[in-house]
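# Understanding the architecture of this molecule
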Amino acid sequence: MASKHAVLSASSAARWIACPPSARLNAAKADTPSEYAAQGTDAHALCEYKLRKALGEKVRDPSKKLATYDSEMEDCAEAYSLFVMGLVSQFREESRDTVVMVEQKVDFSQYVPDGFGTADTLIIAGSTVCIVDYKHGKGIEVAAERNPQMMCYALGCIQMFDGLYDIDSVLMVIFQPRLTNISEFTISKADLLAWADETLVPAAKLAYSGEGEFYAGNHCQFCKVKATCRKRAEYNLELARYDFEMPPTLEDAEVEAVLAKADELTRWATDVKEYALQQAIQGKQWTEWKLVEGRSNRKYTDEAKVAKAVQDAGFEPYEQKLLGITAMTALLGKTKFEELLGSLVMKPQGKPTLVPLSDKRPVMNTAAEDFKEDK
């Protein structure tokens, strides 16, 4: 991994392309370690080990040194290794000279000042380069289609290897096992370079110099100044013009305008509340708000001693509970699980959810539509 942080990192490209001046504001803020970031780092280390081992390299198992290692991470890393090796086999059938690189550093500074990054897996076969990016998160499904991070990596591959391999197309793949998400997107070298000239380079110049216009949107999610950003506040407070009337008093177009921003408004409000809380914990005195101790539930100080005391009294302190599907799969293995329990597992219909038309899920049939079909 790179030893320094780029002002214009590939991982945050979607944000600084959309909102150039956010780059310098974020660079000035210290990184705040999180449980999710640590989990992602550990998962990548395990994935690297599994894949290098599958490729025949002599490597040490890092699992004992990983702070967040668990059986789910083991399963995800194994699935990643099997998936990538499947891709490698496919490419090797087409080209004997297929090259595989794991945790390959890429340099795209020709397009982005100090631009660098690390691609999880690169496969170069003939005139095609395949970039596979592992995502361990399960909060947001990541798509490969015109993904700025992966397109930056693709530019780095072309900058570094095009002279050797005569690349003319790039296959970008997101592997996100905890959401059962495998997303692929192919782009020609010509289209990629056009995007770099027309979109990436102009945005990078503005972002690196701290210029350009602020713009709020979905890209704000991982911005370090999202809680206090004035542009984001203005963007969300536009809803105030509706005076929060009940939907029956709104026109359909107004209801849809609220729907379009409701999720972002909720996220923004949550971010502001968390920011204010952390400031108070650090000693800030708000004018009309105070820090108090929240409600809490009782808990045992030593579960082993509690269990022994209850058993000594002649009672059973433990409840018997069937393992969940993920834990049961880990216990039995996928093949045995399907053999023993495949016919006993069903997936119930999901709860109705309203999403934009751009969402890839099929439209759900309603009771009203079923009634129409029966008539």
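Residues numbered from 1 in each chain as written. Predicted model: local features only at pLDDT ≥ 70, side-chain atom pairs only at ≥ 80, totals over all residues. Heavy atoms only, no water.

### Considerations on helix α7 (residues 230-237)
The test is simple: Three exposure classes are used, based on accessible area relative to the maximum for each residue type with a 1.4 Å probe and protein chains only: buried under 20%, partly exposed in between, and exposed over 50%. Secondary structure counts use DSSP, requiring at least four H or I residues in a row for a helix and at least two E residues in a row for a strand, with both numbered from the N terminus. The arc refers to the directions leading from the helix axis to the C-beta atoms. Any two residues whose heavy atoms approach within 4.5 Å are treated as being in contact.
The set of residues buried in α7 consists of Arg232, Ala233 and Asn236. The buried residues of α7 occupy an angular sector of 100° when the element is viewed end-on, so they sit on one face. Those residues of α7 hidden inside the fold are in contact with α8 (252-281).

### A closer look at the sheet that holds strand β2 (residues 116-125)
The criterion, for reference: Strand pairing requires that DSSP identify at least two bridges connecting the strands. Whenever a helix is involved, its axis is fitted only over the stretch in contact; in every case the axis is a line through C-alpha atoms, and angles between N-to-C directions fall within 0 to 180 degrees.
A sheet is described by the order of its strands in space; here five strands give the open sequence β1-β2-β3-β4-β5, paired in mixed fashion. Both outer strands of the open sheet, β1 (99-107) and β5 (181-188), are each paired with one neighbouring strand and no more. Ignoring which end each strand starts from, the neighbouring axes of this sheet average 25° apart. Inspection of the sheet shows β2 paired to strand β3 (residues 128-134) by five bridges, in the antiparallel sense. Among the inter-strand pairings, Ala125 is bridged to a residue of β3, identified as Thr128.

### Quick notes on the environment of Lys138
With respect to the helices and strands, Lys138 occurs in the loop between β3 and α5 (148-165). According to the relative accessible area criterion, Lys138 is partly exposed, its value standing at 49%. Between the C-alpha atom of Lys138 and that of Asn181, which follows or precedes it by 43 residues, the distance is 9.7 Å. Here Lys138 is in contact with Arg178 and Leu179, once residues within four sequence places are set aside.

### A word on the pattern of salt bridges
Rule in force here: Salt bridges are identified by distance alone: a Lys or Arg side-chain nitrogen within 4 Å of an Asp or Glu carboxyl oxygen.
Counted according to the given criterion, the structure contains 16 salt bridges. Note that Lys224 is salt-bridged to Asp31, the shortest N-O span being 2.5 Å. Pair noted here: Lys224 is in the loop between α6 (189-209) and α7 and Asp31 is in the loop between α2 (22-27) and α3 (35-54), with a separation of 193 residues, a long-range link. With its nearest N and O atoms 3.2 Å apart, the salt bridge here joins Glu78 to Lys50. Pair noted here: Glu78 is in helix α4 (residues 71-94) and Lys50 is in helix α3, with a separation of 28 residues, a long-range link. For Lys50, a relative accessible area of 13% corresponds to the buried category. One network of salt bridges, with partners in common, ties together Lys226, Arg232, Glu264, Arg267 and Asp271.

### As for empty space enclosed by the protein
Under the convention used in this document: Buriedness of a pocket was judged along seven lines, with at least five required to meet protein on both sides within 12 Å; pockets are open sets of points on a 1 Å grid over the protein atoms alone, cavities are sets where a 1.4 Å probe fits but cannot get out, and lining residues have an atom within 4 Å of a point. Grid points are joined across faces, edges and corners, and a volume is the space filled by probe spheres set on the points. The residue classification treats Ala, Val, Leu, Ile, Met, Phe, Trp, Tyr, Cys and Pro as nonpolar and Asp, Glu, Lys and Arg as charged. All others, Gly included, are polar.
Counted according to the given criterion, the structure contains two cavities of 30 Å³ or more. Here the largest cavity is characterised by a volume of approximately 100 Å³. Around the largest cavity, the lining comprises 13 residues; the ones closest to its centre are Cys19, Ser22, Cys220, Cys223 and Cys229. A per-class count over the lining of the largest cavity returns eight nonpolar, two polar and three charged. The computed volume of the second largest cavity comes to approximately 40 Å³. Residue lining of the second largest cavity: His44, Cys47, Glu48, Leu51, Tyr80, Val102, Glu103, Asp120, Thr121 and Tyr134, and that is the complete set. Examining the composition of the lining of the second largest cavity, we find that four residues originate from one element, α3, more than from any other.

Everything listed here is a matter of coordinates, which is why it stays silent on function.
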